[in-house]
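Structural description and commentary
Chain residues, written in single-letter form:
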Amino acid sequence: AQKVTQAQTEISVVEKEDVTLDCVYETRDTTYYLFWYKQPPSGELVFLIRRNSFDEQNEISGRYSWNFQKSTSSFNFTITASQVVDSAVYFCARLTSGTYKYIFGTGTRLKVLA
Amino acid sequence: DVKVTQSSRYLVKRTGEKVFLECVQDMDHENMFWYRQDPGLGLRLIYFSYDVKMKEKGDIPEGYSVSREKKERFSLILESASTNQTSMYLCASSPTPSGGTNIQYFGAGTRLSVL
């Protein structure tokens, strides 16, 4: 199976620290999409970002940034100056172009301590 | 905003009961999905539907069935609930792919306990 691996099960940081969540994926496809979702304690997964396989440009959105590297099949997510509200489970996922089936990682639980 | 609503946040059922989990979306999305979320296993796809009355099995369809009679509603059915179906169930919807760029929108989940 073409897996998505989030090796970090749980991370704890102190507020204002920077934290990076790792995501490594497997694929034989040439065209695919990568996603990050956030699941706060309320339970609902919230879409954060989508990247397609042809666009390796890194992206910054406020305190969030994403580093996509095809050479290492990684799509890592960094939160700068973390806040307590960032505490959640974060999922990385991959989707082959033209299909419906997401492959999700097992998630990383981030705890930001005040 | 897209709204995906799951009818119950928490359910407690007995082994052998027939259980219905309901999901409604208000954005006219063609595609709807049911996932199961378990610690250490992430999200696993049970079934999805790409049109009314159309369905396809996901990775773990055994013990489940689905119904989609109307575009906005997708039901997950446990014909005879078992304790190993105790889990968090998440519903999602998405529009028809445009270049495959499906963003899925999720409900808040139903935490089902089967005793």
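Placed above this text is the structure.
Please read all numbers here as calculations on a predicted model, not as lab measurements. (Residues numbered from 1 in each chain as written. Chains lettered and ligands numbered in written order. Predicted model: local features only at pLDDT ≥ 70, side-chain atom pairs only at ≥ 80, totals over all residues. Heavy atoms only, no water.)

**Here's the deal with the sheet that holds strand E8 (residues 73–78) of chain B**
Strand pairing in a sheet takes place through backbone hydrogen bonds and is either antiparallel or parallel in direction. Residues and elements named next belong to chain B. Worth spelling out the cut-off: Two strands are said to pair when DSSP picks up at least two bridges between them. Secondary structure is summarised from DSSP: a helix means a run of H or I of at least four residues, a strand means a run of E of at least two, and numbering begins at the N terminus for each. Each axis is a line fitted through C-alpha atoms, taken for helices only over the stretch in contact, and angles between the N-to-C directions span 0 to 180 degrees.
Across the sheet, which stays open at both edges, the four strands sit in the order E1-E3-E8-E7 with antiparallel pairing between neighbours. Whereas interior strands pair on both sides, the edge strands pair on one side only; in this sheet they are strand E1 (4–6) and strand E7 (65–70). Sheet twist, expressed as the mean angle between neighbouring strand axes with direction ignored, is 20°. Here three bridges tie E1 to strand E3 (residues 19–25), and the two strands are oriented antiparallel to one another. Paired with Val-4 across the two strands is Gln-25, which belongs to E3.

**Things to note about the packing of aromatic side chains**
Rules: Aromatic pairing here means that ring centres of Phe, Tyr or Trp (its six-membered ring) are within 6.5 Å. Orientation follows from the plane angle: under 30 degrees is stacked, over 60 is edge-to-face, and everything else is tilted. The buried label goes to any residue with under 20% of its type's maximum accessible area, the exposed label to any with over 50%, and the partly exposed label to all in between, with areas taken from a 1.4 Å probe on protein chains only.
Under the criterion given, the structure shown has 23 aromatic pairs over all chains. When the centroid spacing of 5.3 Å and the interplanar angle of 55° are considered together, the rings of Tyr25(A) and Tyr32(A) count as tilted. Comparing Tyr25(A) with Tyr32(A), the two get one shared label, buried. The structure contains a cluster of three or more aromatic residues connected by ring pairs, namely Phe35(A), Tyr37(A), Phe47(A), Phe91(A), Tyr102(A), Phe104(A), Phe33(B), Tyr35(B), Phe48(B) and Phe106(B).

**Observations concerning the layout of surface pockets**
Just so we agree on the cut-off: Grid points spaced at 1 Å over the protein atoms alone were grouped into cavities, where a 1.4 Å probe fits but cannot get out, and pockets, open sets with protein on both sides within 12 Å along at least five of seven lines, with lining residues defined by an atom within 4 Å of a point. Grid points are joined across faces, edges and corners, and a volume is the space filled by probe spheres set on the points. When residues are sorted by character, Ala, Val, Leu, Ile, Met, Phe, Trp, Tyr, Cys and Pro go into the nonpolar class, Asp, Glu, Lys and Arg into the charged class, and all the rest, Gly among them, into the polar class.
Put simply, the largest pocket is a space of about 600 Å³. Lining the largest pocket are 31 residues, and of these Gln39(A), Val89(A), Arg109(A), Gln37(B) and Pro39(B) sit closest to its centre. Taken together, the elements giving at least two residues each to the lining of the largest pocket come down to strand E10 (88–96) and strand E12 (108–113) of chain A together with strand E4 (31–38), strand E9 (87–94) and strand E11 (110–114) of chain B. In terms of residue class, the lining of the largest pocket is made up of 10 nonpolar, 16 polar and five charged. The computed volume of the second largest pocket comes to approximately 290 Å³. Mapped onto the lining of the second largest pocket, the elements with two or more residues apiece are strand E1 (4–5) and strand E11 (102–104) of chain A together with strand E5 (42–51) of chain B.

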